[in-house]
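# Observations on chain architecture
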Amino acid sequence: MANPSKKFKVETNAKQLFMTGCVVLYEDVNVVVVEGGPKQQKKYKQLMIKRIKWDEDLYKDKDGDEVENKCVLVWEVNFCSSWPRFL
């Protein structure tokens, strides 16, 4: 996330949706981890995958070739439905 406007969108939308989490920045890979309710997760996922135009920016990989940015969903879980209920 070299583009400051994209960093701002990721951070601001997480705050507006009352989500918690972190961003790990490492060379050519960035990982965004957030947690929130099912509605917040749906809205944030839509923002990250559909609304932000990641392919507008190019970056140079280790070999010096220009590569398009992209956003990929690695893992998603809804804890409300996956945790067993205790009475």
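Residues numbered from 1 in each chain as written. Predicted model: local features only at pLDDT ≥ 70, side-chain atom pairs only at ≥ 80, totals over all residues. Heavy atoms only, no water.

### So, the overall build of the protein
- For the protein, the count of helices and strands is 3 helices and 4 strands.
- Reading the protein from its N end, one meets helices and strands in the order α-β-β-α-β-β-α.
- Sequence-distant contacts, at least 24 apart, represent 40% of the contacts inside the protein between residues at least 6 apart.
- Just so you have it, the protein exposes about 7,400 Å², and 57% of that area is on carbon and sulfur atoms. (Helix = DSSP H or I, 4+ residues; strand = E, 2+ residues; numbered from the N terminus. Contact = heavy atoms within 4.5 Å. Areas by Shrake-Rupley, 256 points an atom, 1.4 Å probe, with all protein chains shown as cover.)

### Focus: the confidence of the model for the protein
- Model confidence for the protein is summarised by a mean pLDDT of 84, while 90% of its residues fall at 70 or above.
- No element of the protein has a lower mean pLDDT than helix H3 (residues 79-82), which averages 60, and none a higher one than helix H2 (residues 38-51), which averages 91. (pLDDT = per-residue confidence, 0-100.)

### Quick look at the side chain of Asn13
- As for its position among the elements, Asn13 is in helix H1 (residues 4-16).
- Each residue touching Asn13, except ones within four places of it in the same chain, is listed here: Tyr44, Leu47 and Arg51.

### Focus: the pairing of strand E2 (residues 29-35)
- In this sheet, E2 lies alongside strand E1 (residues 20-26) in antiparallel orientation, the contact comprising 7 bridges. Among the inter-strand pairings, Val24 is bridged to a residue of E2, identified as Val31.
- A loop of 2 residues connects E1 with E2, the two strands running antiparallel in sequence, and Glu27 in this loop sits at a positive phi of about 35°. (Pairing = 2+ DSSP bridges.)

### Re the pattern of salt bridges
- With the rule as written, the count across this model stands at 3 salt bridges.
- As a salt-bridge pair, Lys6 and Glu56 come within 3.7 Å of each other at their nearest N and O atoms. Of this pair, Lys6 sits in helix H1 while Glu56 sits in the loop between H2 and strand E3 (58-60), and the two are 50 residues apart along the sequence.
- With a relative accessible area of 5%, Lys6 lands in the buried category.
- With relative accessibility at 56%, the residue Glu56 sits in the exposed group.
- Its salt-bridge partner being Glu76, residue Lys45 comes within 3.4 Å of it at the nearest N-O pair. Pair noted here: Lys45 is in helix H2 and Glu76 is in the loop between strand E4 (66-68) and H3, with a separation of 31 residues, a long-range link. (Salt bridge = Lys/Arg side-chain N within 4 Å of Asp/Glu carboxyl O. Buried < 20%, exposed > 50% of the residue type's maximum accessible area, 1.4 Å probe, protein only.)

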